[in-house]
Amino acid sequence: SDTETTKELEDIQSAYKTLGDRIWEIIEKSMTIAKDEPELLKSAVQIIVQEEEQDQKYLAEKETSGKIQESRPRQWKKNWMSVIKQSLTNGMNEAPSVSLANKTSSLCQCFLNIGKRIKNDLNTVETHVKHCYPEEFDICNIYAKFFHDFLSDQLKAVTEFHLQKKDNHFILCFVQNIYPSDIIKNPALMKDLGSLMPREKIERIEKDYISSEQSDINTWMKKSLEVETAKWIKGKEPEKLDGCYHSELPIDIVQKNPNFFCVINHLCIKNVEGGKNRAQEITPELGQKVLELLLLEMPNILESFKKSLDNFAEKYMQQLNFRAVIIANINSCLLFRDYIQKQGAFNVTAKEKSLSILNEIEKTGFNILLSNLLLEIKHQYKTTAKEKWFSCSEILIEKIKQYLLEFKTLRQSYFQELLKQVHCAVVTEYIKRLLKKKISYKTQKKQQEIAEEIIKNALQIQDFFAHYESLATWLDQVLPKFAEIIKLQDKGAIQLEVAALARDFPDISKHHISALLHMKGNLTKNEEKDILNILKVNT
């Protein structure tokens, strides 16, 4: 009867409802059940598959007969999708939500918590849930797509607001690095899912981030210089590193901190390398872009460094440890120079300008360090020359030793440069005093004695500077060649020696040779003229 039929249908519907409730309960707890009771989840999924097949069968019959059971289609697969989404939504809501009211302090940690939850869930799906579903369900992609859309919505909401630099850095790093590399970990799947944010928004956030990074680093570099300048003025002796005076300024401004690496805790290393490394955590391309922009600021900071040092040198020359401070800052130039020369990302103009400023700083520093010593050398030669013909004074050697002891606190390359200048000054001043004496020696014996005295002095100078490993060894031959010209008596031999002298030292002039020949009082005017003419031929 109709009553019995209706009763049967109601019983069937009730049974289906009871079954459905149980199925949805199992589906809702898929993550746990798949690990603990995988067969139970498989059975639930199989029932959904069977019901979907029945729906398709009755829908096909409707196409031919135009009729279908009232209870069909049950759409359990559609309901299954709704239950999956709702269960995942509930799970995501259990993680700490992103608070827009307090986004500055909580944003990074909240997204990391969500990311960790998604990573663990996707691992569970891949390891356990996937094996409970037929392949055509594409269950891994379904879960991944839901999580992707959820994260995308969260990011869209957060990035509607203006964020601070550290939050911009984290979001860019999360979207372009952490999410694809550490959470999804599947390039093919990542390609199907696409980016969490539109490219236009990513570029806008990158622009804000780069601008903030430039501003922060410029402020930091200026502050570093102010702190360093204050140390100079206090007169405190600079620290030493490997026996050389040392300044932290280059490290503060450019050098990489060996302990730098942090996405979550985001260390505050506000120098050029720090800025590059932070940007590289996002993408290598952004790191390169940030480095190029930051390096453009190098000439400005070096110019400020130079002005500060010039001001210090002008006002605080009597300051305690003044020369030590100058040495420490000369040494700083080497670190700056080494960094600049190794940077392929440097704009050519900015690089040349930076190196030019460093040259000026080094030159000014050298002049300060050498000024007193050069005066000492001139004074000592002048004093000695008045007392007797000439000798390389032991007093002068001792004075130079004292200065070289101080110069040893320079980096080796700078020490060698100053040593070369001192070596050259000693030889040059010797020659000046030698040629200014206006004394003529007419006998061969006297000329021989003078030549031997010059050679003796030359060896003394040579041995002294060789002890300090002077690289200006070309100076060793100057005085012996002068002595040889004084000693020789044959005009032709003298001409050959003068020609060799002019060849080896192109800055020799007719005036120099004329003064040297004046010491040989036994030359006629014609002989002297013939010898001087060799310079014209040689030149």
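Higher on the page you've got the structure.
The model shown is predicted, which means the values in this text are computed figures rather than measured ones.

Enquirer: Could you give an account of the overall build of the protein, naming the residues involved and the relevant values?
Expert: Helices and strands together make up the secondary structure of the protein, namely 22 helices and 2 strands. Scored against the burial criterion, the 539 residues of the protein give a buried share of 46%. Sequence separation of at least 24 residues holds for 71% of the intrachain contacts in the protein that already meet a minimum separation of 6. Carbon and sulfur atoms make up 50% of the accessible area of the protein, which totals about 28,700 Å².

Enquirer: Tell me about a positive patch on the surface, and name the residues and values.
Expert: Together, Lys378, Lys382, Lys432 and Lys436 make up a region of like positive charge exposed at the surface. Relative to the elements of secondary structure, Lys378 occurs in helix H15 (residues 348-387).

Enquirer: So what's going on with the packing of helix H6 (residues 139-158) against helix H7 (residues 165-184)? Residues and values would help.
Expert: It is at 12 Å that the axes of H6 and H7 come closest, and there the two elements cross at 165 degrees. With respect to each other, H6 and H7 are oriented roughly antiparallel. Crossing angle aside, the handedness with which H6 passes H7 is left-handed. Between H6, through His148, Leu151, Leu155 and Val158, and H7, the contact on the second element is made entirely by Ile171, Phe174, Val175 and Tyr179.

Enquirer: Kindly report on helix H4 (residues 76-94), identifying the contributing residues and their values.
Expert: The first and last C-alpha atoms of H4 sit 27 Å apart over 19 residues, in line with the 27 Å expected at 1.5 Å per residue. Residues of H4 that are buried include every one of Trp76, Trp80, Val83, Ile84, Ser87, Leu88, Gly91 and Met92, and no others.

Enquirer: I'd like to hear about a negative patch on the surface, residue by residue, with values.
Expert: Taken together, the side chains of Glu53, Glu135, Glu136, Asp138 and Asp192 define an acidic patch exposed on the protein surface. Along the polypeptide, Glu135 turns up in the loop between helix H5 (103-127) and H6.

Enquirer: Tell me about the packing of helix H9 (residues 199-234) against helix H12 (residues 284-295), and please be specific about residues and values.
Expert: Following both chains from N to C, one finds H9 and H12 inclined at 40 degrees, their axes separated by 11 Å at the closest point. The angle between H9 and H12 falls in the class oblique. Between H9 and H12 the crossing geometry is right-handed. Of the residues in H12, those in contact with Glu206, Tyr209, Ile210, Glu213, Gln214 and Ile217 of H9 are Leu286, Lys289, Val290, Leu293 and Leu294.

Enquirer: A description of the pattern of salt bridges should follow, citing residues and the corresponding values.
Expert: Scanning the model with the defined rule gives 29 salt bridges in all. Between Glu360 and Lys306 there is a salt bridge, with the nearest N and O atoms lying 3.8 Å from each other. Taken together, the residues span a long stretch of sequence, with Glu360 in helix H15 and Lys306 in helix H13 (residues 298-315) at a distance of 54 residues. In this structure Glu360 comes out as partly exposed when scored by relative accessible area, which is 37%. The salt bridge partner of Glu376 is Lys399, with a shortest N-O separation of 3.6 Å.

Enquirer: Mind laying out the nonpolar core, listing which residues take part and the relevant values?
Expert: One broad rule of soluble globular proteins: the nonpolar side chains tend to lie buried together. Ile27, Trp80, Tyr133, Tyr143 and Phe407 are the most contacted members of the largest nonpolar core, which has 161 residues in total. Apart from the residues lying within four places of it in its own chain, the contact partners of Ile27 are Leu41, Val45, Ile48, Trp80, Val83, Ile84 and Tyr133.

Enquirer: Run through the environment of Leu296, naming residues and quoting values.
Expert: The residue Leu296 is located in the loop between H12 and H13 in this model. The class for Leu296 is partly exposed, based on a relative accessible area of 40%. A C-alpha to C-alpha distance of 9.1 Å links Leu296 and Thr349, two positions 53 residues apart in sequence. When neighbours within four sequence positions are excluded, Leu296 is seen to be in contact with Asn347 and Ala350.

Enquirer: So what's going on with the packing of aromatic side chains? Which residues, and what values?
Expert: In the structure shown here, the tally under the stated rule is 21 aromatic pairs. When the centroid spacing of 5.1 Å and the interplanar angle of 80 degrees are considered together, the rings of Trp80 and Phe137 count as edge-to-face. Taken together, the residues span a long stretch of sequence, with Trp80 in helix H4 and Phe137 in the loop between H5 and H6 at a distance of 57 residues. Residue Trp80 shares its accessibility class with Phe137, and that shared class is buried. Note on Phe111 and Phe174: the rings are 5.7 Å apart at their centroids and 55 degrees apart in plane angle, and the pair reads as tilted. Remark: Phe174 occurs in helix H7 and Phe111 occurs in helix H5; sequence separation between them is 63 residues.

Enquirer: Let's hear about unusual backbone geometry: which residues, and what values?
Expert: With the exception of glycine, most residues fall at negative phi, and the peptide bonds are largely trans. Positive phi, normally seen in glycine, also occurs at Lys185, with a value near 55 degrees. Within the secondary structure, Lys185 sits in the loop between H7 and helix H8 (187-193). The backbone of Glu469 shows a phi angle near 60 degrees, a positive value even though the residue is not glycine. For Glu469, the location among the structural elements is in the loop between helix H18 (444-467) and helix H19 (478-487).

Rules used in this analysis
Residues numbered from 1 in each chain as written. Predicted model: local features only at pLDDT ≥ 70, side-chain atom pairs only at ≥ 80, totals over all residues. Heavy atoms only, no water. Helix = DSSP H or I, 4+ residues; strand = E, 2+ residues; numbered from the N terminus. Buried < 20%, exposed > 50% of the residue type's maximum accessible area, 1.4 Å probe, protein only. Contact = heavy atoms within 4.5 Å. Areas by Shrake-Rupley, 256 points an atom, 1.4 Å probe, with all protein chains shown as cover. Patch = residues over 30% accessible without salt bridge, like charges linked within 9 Å, V, L, I, M, F, W, Y side chains within 5 Å. Salt bridge = Lys/Arg side-chain N within 4 Å of Asp/Glu carboxyl O. Lys, Arg positive; Asp, Glu negative; His and termini not counted. Charge placed at Lys NZ, Arg CZ, Asp CG, Glu CD. Axes fitted to C-alpha atoms, helices over the stretch in contact; angles between N-to-C directions. Parallel < 35°, antiparallel > 145°, perpendicular 65-115°, else oblique. Left-handed = near helix turned anticlockwise from the far one by under 90°. Expected span 1.5 Å × (residues − 1). Core = buried A, V, L, I, M, F, W, Y, C linked by side-chain atoms within 4.5 Å. Phe/Tyr/Trp six-rings, centres within 6.5 Å; stacked < 30°, edge-to-face > 60°.

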